[in-house]
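Architecture and fold: a report
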Amino acid sequence: TLRRQWELRRERARYAAEMFSPLHQGKAASRFIHRLSVLQQRLGVLNDGAVATHLLAELGGPSGRHAYAAGIVVGFLAARSAKIRPRIVEAFDRFRRQPAFWG
């Protein structure tokens, strides 16, 4: 899926930055990697919620034996997603403003 492709690109970017960061002096490399890691972690929370919601739907759907419990979990995940979205925007803005340390 497109979401998984972006996740892989973020991971690869972070790994590449970590690999080449020792070649550069100063805090710019560690700041770049930290901001990318924060963004990756926050997006991971959103992705975990989407995957869990999908898996719960596969386990029985809204009319299954465990529908009430699944509804509680889905509600929790929706609230968590709503709470993390502004934090994702904040992390993305901070990362976007961070100049590349190799430039």
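Nothing here was measured: the structure is a model prediction, and the numbers come from that model. (Residues numbered from 1 in each chain as written. Predicted model: local features only at pLDDT ≥ 70, side-chain atom pairs only at ≥ 80, totals over all residues. Heavy atoms only, no water.)

**Some thoughts on the side chain of Arg35**
The condition is simple: A run of H or I in DSSP counts as a helix once it spans at least four residues, and a run of E counts as a strand once it spans at least two, with each numbered from the N terminus. Using a 1.4 Å probe on the protein chains alone, a residue whose accessible area is under 20% of its type maximum counts as buried, one over 50% counts as exposed, and one in between counts as partly exposed. Asp and Glu are treated as the negative residues and Lys and Arg as the positive ones, with His and the ends of the chain left uncounted. A side-chain nitrogen of Lys or Arg and a carboxyl oxygen of Asp or Glu constitute a salt bridge if their distance falls within 4 Å. Residues are treated as being in contact if the distance between any of their heavy atoms lies within 4.5 Å.
Secondary-structure assignment places Arg35 in helix α2 (residues 28–59). As a buried residue without a salt bridge, Arg35 has its nearest oppositely charged side chain in Glu90, at a separation of 9.3 Å. Apart from residues lying up to four places away in sequence, Arg35 is in contact with Arg94, Phe95 and Gln98.

**Things to note about the packing of aromatic side chains**
A ring pair, where both rings are aromatic, is described by two values, the distance of the centres and the angle of the planes. Definition in use: Here is the rule: rings of Phe, Tyr and Trp (six-membered ring for Trp) pair when centre to centre is within 6.5 Å. Planes less than 30 degrees apart are stacked, more than 60 are edge-to-face, and the remainder are tilted.
One pass over the full model with this rule turns up four aromatic pairs. With 5.3 Å between their ring centres and 75 degrees between their planes, Phe32 and Trp102 make a pair best called edge-to-face. Of the two residues, Phe32 is situated in helix α2 and Trp102 in the segment after α3 (67–97); the sequence distance between them amounts to 70 residues. Taking the relative accessible area as the measure of exposure, Phe32 reaches 7% and is therefore buried. Its relative accessible area of 53% is what places Trp102 among the exposed residues.

**Some thoughts on α2**
Put simply, the test is: Here the expected span of a helix is defined as 1.5 Å times the quantity of residues minus one.
Between its terminal C-alpha atoms α2 stretches 46 Å, which fits the 46 Å expected from 32 residues at 1.5 Å a residue. Those residues of α2 that sit buried are Ala29, Phe32, Ile33, Arg35, Leu36, Leu39, Gln40, Arg42, Val45, Leu46, Asn47 and Gly49.

**Topic: α3**
Note: α-helices contain 3.6 residues per turn, so residues at a spacing of three or four share the same orientation. To keep things clear, this is the line we draw: Fitting axes to the seven residues that end at a residue and to the seven that start at it, the angle between those axes gives the bend at that residue.
Compared with the 45 Å implied by 1.5 Å per residue over 31 residues, the 44 Å span of α3 between its first and last C-alpha is a close match. Largest kink in α3: about 30 degrees, centred on Ile84, with the proline Pro86 one to four residues after it. Listed in full, the buried residues belonging to α3 are Ala70, Leu77, Ser81, Ile84, Ile88, Ala91 and Phe95. Residues of α3 that are buried in the fold lie against α2.

**Some words on the nonpolar core**
Put simply, the rule reads: In these notes, a set of buried Ala, Val, Leu, Ile, Met, Phe, Trp, Tyr and Cys residues joined through side-chain atoms within 4.5 Å is what counts as a nonpolar core.
With 13 residues, the main nonpolar core has Ala17, Phe32, Leu39, Ile84, Ile88, Phe95 and Phe101 as its most contacted residues. Elements with a minimum of two residues in this core: α2 and α3. For this core, the element with the highest residue contribution is α2, accounting for seven residues.

**Overview of the pattern of salt bridges**
Enumeration over the complete set of coordinates arrives at two salt bridges. For Glu18, the salt bridge goes to Arg14, with nearest N and O atoms at 3.1 Å. Of this pair, Glu18 and Arg14 both sit in helix α1 (residues 2–20), four residues apart, which is roughly one turn of that helix. Classification of Arg14 by relative accessible area gives buried; the value is 19%. Arg96 is the partner of Asp93 in a salt bridge, and the nearest nitrogen-oxygen pair spans 3.3 Å. Linking Asp93 with Arg96, this pair stays in helix α3, spanning three residues, or about one helical turn.

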